[in-house]
Amino acid sequence: MKKSIIIVGGGFAGLELIKRIGNSPKYQTILVDANNYNFFPPLIYQVSTGFMEPSAISYPFRKILRNYKNVRFRLGSLLEVVPSENKVMLSNGELHYDILVMATGTESNYFGNKNIEKYSLPMKTISDALTLRNTILTRLDRATRHDDKEERKKLLTFVIAGAGPTGVELSGILAEMKTSILKKDYPELSESDLGKIYLIDGQSAVLNTMSKNSQSYTYSKLNELGVEIKLNCLVNDFKEDIVLLSDGTTIESKNLIWAAGVTAKAFNGFAMDSFGKGKRLKTNSFNLVNGYDNIYALGDCALVQGDVGYPEGHPQLAQPAIQQAKNLALNLERDKSPWTPFNYKDKGSLAIIGRNKAVFDLPKERFFIKGFIAWLIWIFVHIMGLVNFKNRFRTLINWIGYYLYKDQYFRMIIKPNDKK
């Protein structure tokens, strides 16, 4: 009789596991996700700035799963896990499992600040990206109708909290928009009307986890693009159109974009000591959650213990999630042979700054590539990371168009009405 596996979360880890066991005669698998589509988070900032349409980086789960005869999809949000009864409680019912795999990813971490949580613009989901796109375009249009110069500057000043890859990529693309697009699309606005772009981070460098060479190059290129960078500085609060910083200074802006941190999603039902730093589920080297014999955690929500090179857990990136899923799939297919513990193989780090500008750190030796070559590598890696050929082709065409014309075509304000 087939064992029932429930996978909660259809991101990098969840889909990779399905690719490996979806046709296995040993298991009947159910994928649970709050959305009915998979999307590619590394390119979400391009959706938020109108450089890509949402469908270019997303794809329906049910179409992805057509080729897996032993997989079913359940649209629903996880509310609670009941390990004593081997079941999960969803927003629309309950499911029973023999094996549960948590691959629920992360959500924005506002560090307890309610104003920032309420008024800032996050960058975690397709919905977030569309909200940000609508907000940017609406405020640009509103600025053309304002006679008050100070009010216009508030509308057109963007503060990005967090100088990791997302913050760097977003500040770079906004700076390029300012020089190559806004002047053409909004002739009502003069150069003095356009506000500044600020990149704020509490660390001492941009791209803090990358090499010194990458950090230095990125800082220099962002400065050339006109981005004002404030390091060793935190965003303390955001109220009444004022961003309050830890160094005592303030920035007047209506736009605080939050890319300053993430935390794993915590769910009821797990013992408190199952959670580690950042609410990640602590697991052994086989991704088995501590204290349970049939619950596994993969990717961003897993704090894997036992990998010598990563005593504090693996980076919350695509590659650790994919590699953990591959390893778990191989182990689940084993009948009697010993399981293989997980060991992460670092394949390097990439970040894009703008057109022809990117950085690439190779693993271990931290060999550094910058500029056009790194930009081409970034394009190749991200195109290949998309879920199917159609998405890859559309994305490539979009990028070729932008490279040739320094323009993009998805600057539409679309606000659908939600009907139940």
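Residues numbered from 1 in each chain as written. Predicted model: local features only at pLDDT ≥ 70, side-chain atom pairs only at ≥ 80, totals over all residues. Heavy atoms only, no water.

Asker: How would you sum up the environment of Gly 354? Please name residues and give values.
Answerer: Note that Gly 354 resides in strand S23 (residues 349-354). Residue classification places Gly 354 among the buried positions, given a relative accessible area of 8%. A C-alpha to C-alpha distance of 8.7 Å links Gly 354 and Ala 175, two positions 179 residues apart in sequence. Setting aside anything within four residues of it in sequence, one finds Gly 354 in contact with Glu 176 and Trp 375. (Helix = DSSP H or I, 4+ residues; strand = E, 2+ residues; numbered from the N terminus. Buried < 20%, exposed > 50% of the residue type's maximum accessible area, 1.4 Å probe, protein only. Contact = heavy atoms within 4.5 Å.)

Asker: I'd like a rundown of the pairing of strand S12 (residues 158-161), residues and numbers included.
Answerer: Burial along S12 is two-sided: Phe 158 and Ile 160 and Val 159 and Ala 161, pointing in opposite directions, are all buried. Sheet topology places S12 next to strand S18 (residues 255-258); four bridges connect them, and they run parallel. Counterpart to Val 159 in the pairing with S18 is Leu 256. (Pairing = 2+ DSSP bridges.)

Asker: Describe the sheet that holds strand S1 (residues 3-8), with residues and values.
Answerer: In spatial order, the strands read S5-S2-S1-S9-S21; together these five strands make up an open sheet with parallel pairing. Edge strands, defined here as strands with exactly one partner in the open sheet, are strand S5 (71-75) and strand S21 (295-297). Neighbour to neighbour, the strand axes of the sheet diverge by 20 degrees on average, direction disregarded. The sheet contact formed by strand S2 (residues 27-33) and S5 spans five bridges and is parallel. Of the residues in S5, the one forming a bridge with Asp 33 is Leu 75. (Axes fitted to C-alpha atoms, helices over the stretch in contact; angles between N-to-C directions.)

Asker: Got a sec to walk through the side chain of Glu 176? Specific residues and values, please.
Answerer: Its place among the elements puts Glu 176 in helix H7 (residues 165-180). With no salt bridge to any partner, buried Glu 176 finds its closest opposite charge in Lys 357, at an N-O distance of 4.1 Å. Apart from residues lying up to four places away in sequence, Glu 176 is in contact with Ile 181, Leu 225, Gly 354, Arg 355, Lys 357 and Tyr 402. (Lys, Arg positive; Asp, Glu negative; His and termini not counted. Salt bridge = Lys/Arg side-chain N within 4 Å of Asp/Glu carboxyl O.)

Asker: Please provide a residue-by-residue account of the nonpolar core, values included.
Answerer: Ranked by internal contacts, the top residues of the largest apolar core, which has 64 residues, are Leu 170, Leu 174, Leu 199 and Ile 257. Ignoring any residue separated from it by four or fewer positions in sequence, one finds Ile 257 in contact with Leu 121, Met 123, Leu 132, Phe 158, Val 159, Ile 160, Ala 161, Leu 170 and Leu 174. Counting residues in each nonpolar core, the second largest holds 27 residues, with Leu 31, Ile 99, Val 101 and Leu 328 among its members. (Core = buried A, V, L, I, M, F, W, Y, C linked by side-chain atoms within 4.5 Å.)

Asker: Outline the packing of aromatic side chains, supporting the account with residue identities and numerical values.
Answerer: Working definition: an aromatic ring pair is given by the centre-to-centre distance plus the angle between the planes. Under the criterion given, the structure shown has 13 aromatic pairs. Each ring, one from Phe 286 and one from Trp 339, has its centre 6.2 Å from the other, and the planes form 80 degrees; the classification is edge-to-face. Separated by 53 residues along the polypeptide, Phe 286 in the loop between strand S20 (281-283) and S21 and Trp 339 in the loop between helix H10 (318-333) and S23 bring together distant segments of the chain. Trp 339 gets classed as partly exposed once you look at its relative accessible area, which sits at 30%. (Phe/Tyr/Trp six-rings, centres within 6.5 Å; stacked < 30°, edge-to-face > 60°.)

Asker: Explain empty space enclosed by the protein to me, using residue names and the numbers behind them.
Answerer: Scanning the entire structure with this criterion turns up three cavities of 30 Å³ or more. Estimated volume of the largest cavity: approximately 160 Å³. In this structure, the largest cavity is lined by 15 residues; those nearest its centre are Tyr 45, Gln 46, Ile 352, Trp 375 and Tyr 402. If you list the elements that add at least two residues to the lining of the largest cavity, you get helix H2 (44-48), H7, S23, helix H11 (371-385) and helix H12 (389-405). Grouping the amino acids of the lining of the largest cavity by side-chain chemistry returns ten nonpolar, two polar and three charged. Empty space within the second largest cavity amounts to approximately 110 Å³. The wall of the second largest cavity is formed by Ile 136, Leu 140, Leu 156, Phe 158, Leu 174, Met 177, Lys 178, Leu 182, Leu 194, Gly 195 and Ile 197. (1 Å grid on protein atoms, 1.4 Å probe; cavity = no way out; pocket = protein on both sides within 12 Å on 5 of 7 lines; lining within 4 Å. Points joined across faces, edges and corners; volume = space filled by probe spheres on them. Nonpolar A, V, L, I, M, F, W, Y, C, P; charged D, E, K, R; others polar.)

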